[in-house]
Amino acid sequence: MAKKKMLLAVPEPECKKERTAPGRRKKEGQCPEEPSSKKLKVNKTRTPGKAVTRSRHQTTPGCTESAQTAKQRSIIHYINMNARGQSIHSQLRQCLQQPFVRSLASYKLFRTASPFNRRVTSLEWHPTHPSTVAVGSKGGDLILWNYDVLNKTCFIQGKGAGDFIGGMKFSPTNPSQVYTASGDGTLSLQEFGGRTAQIISSTSDCWHDHHNVCLWYCSLDVSASRQVVVAGDNVGNTVLLSADGKEIWNLRLHKKKVTHVEFNPRCDWLLATASVDQTVKIWDMRHIKDKNSFLHELPHNKPINSAHFNPTDGSKLLTTDQYDEIRVYSSADWSKPQHTIRHPHRHFQHLTSIKVSNTENTDYCGQ
């Protein structure tokens, strides 16, 4: 009786049951497709009087493991497999991601604010206060919002219609100041303490009858180690300035609007630029001469909204296009994306562009 119970506890192989001829007994736990030579080899290794048991997750040769069994495997199982030198790859990766994915179900709306009469165009988290974020609007307004403190905000009035905040970065030397790229053609250093904004760069006046600005800045970034500011405009130009506004170089690096510029967090001479000309380019800032002096060019199928380096080591680049594609590139091979994620975010003129960004504790968004 004890022998019968042990055999019944073994999962039956996922093979089609075949009828056997009268008088012949099919060995339990074996697939019909197994060659007879293999069966004889197994029989020879058995010890008389001792039953052969199978591991819970061991599969019979020639039989496939069920998906349900694979899902039941815990992280301990994969660590054990790895310790024994077995290949785990995507199975362990998926196992590690599941707790984070499940936690997303508990997310809910925490707090809202509506300080503007026009849509939000830019967001930038404060570098030292995790609950504080700077927000820019279509009218050029700025607000410093601490969501833990109700009914208390710092507000800077914009110029209204025709103005907007295309990009923001907090000053690395004074966290109460923020650099802004504006639709009025200026690159400014704003202070939430109430002082007048310092204009560090401005585009030339076009002298048209119905408007005076044909060029404006759309994106910017600040390098703390090099004490420089980089900005891209709406016709493909990129300008590098010192912290006090002195122009170092001004070059047309793209054919169309530069939607994003960013320094690598670990290699301050490495610069990434993204454009609606459907390309992302990676530059050595020390050797930029013209639009063809890039280190790598990453072509896309649609215009690009952003290109973010991962904050942990700067070895990956996360790009967002204007249609339905998010890509992750690795410095090991810039020629092709390491991952491609489908996400519907089709661009529309009167909606703020979606720009997928990284978090501080992961290599890229979604990991």
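Above: the structure in question.
Residues numbered from 1 in each chain as written. Predicted model: local features only at pLDDT ≥ 70, side-chain atom pairs only at ≥ 80, totals over all residues. Heavy atoms only, no water.

Asks: For this particular structure, what's the right way to read the environment of Leu 251?
Replies: Along the polypeptide, Leu 251 turns up in strand β12 (residues 247-252). Separated by 38 residues in the primary sequence, Leu 251 and Lys 289 place their C-alpha atoms 8.0 Å from one another. Dropping the residues within four chain positions of it, Leu 251 is found in contact with Gly 236, Asn 237, Thr 238, Ile 288, Lys 289 and Asp 290. (Helix = DSSP H or I, 4+ residues; strand = E, 2+ residues; numbered from the N terminus. Contact = heavy atoms within 4.5 Å.)

Asks: How should the nonpolar core be read in this particular structure?
Replies: General note: in soluble globular proteins, nonpolar side chains tend to be found buried as a group. If you look at the biggest cluster of nonpolar residues, it comprises 13 residues, and the most contacted ones within it are Val 230, Leu 240, Trp 249, Leu 253, Phe 263, Leu 271 and Ile 288. Of all the secondary structure elements, the ones that give two or more residues to this core are β10 (228-233), β12 and β13 (258-263). Top element by residues in this core is β13. It accounts for three residues. Residues within four places of Leu 253 in sequence aside, it is in contact with Gly 236, Thr 238, Lys 281, Trp 283, Ile 288, Asp 290 and Lys 291. (Core = buried A, V, L, I, M, F, W, Y, C linked by side-chain atoms within 4.5 Å. Buried < 20%, exposed > 50% of the residue type's maximum accessible area, 1.4 Å probe, protein only.)

Asks: How should I be thinking about the packing of aromatic side chains in this particular structure?
Replies: The geometry of two aromatic rings is summed up by the distance between their centres and the angle between their planes. This structure, assessed with the given rule, holds five aromatic pairs. On the numbers, 5.7 Å between centres and 85° between planes, the contact of Phe 110 with Tyr 147 is edge-to-face. Of this pair, Phe 110 sits in the loop between α5 (90-103) and β1 (120-125) while Tyr 147 sits in the loop between β3 (142-146) and β4 (153-156), and the two are 37 residues apart along the sequence. Take Tyr 147: its relative accessible area is 24%, and that puts it in the partly exposed class. On the basis of an interplanar angle of 85° and a centroid distance of 5.9 Å, the ring pair of Trp 283 and Phe 294 is categorised as edge-to-face. Here Trp 283 is found in strand β15 (residues 279-284), whereas its partner Phe 294 is found in the loop between β15 and β16 (296-299), with 11 residues between them in sequence. By relative accessible area, Phe 294 is classed as partly exposed at 25%. Members of the aromatic cluster, joined through ring pairs, are Phe 110, Trp 125, Trp 145 and Tyr 147. (Phe/Tyr/Trp six-rings, centres within 6.5 Å; stacked < 30°, edge-to-face > 60°.)

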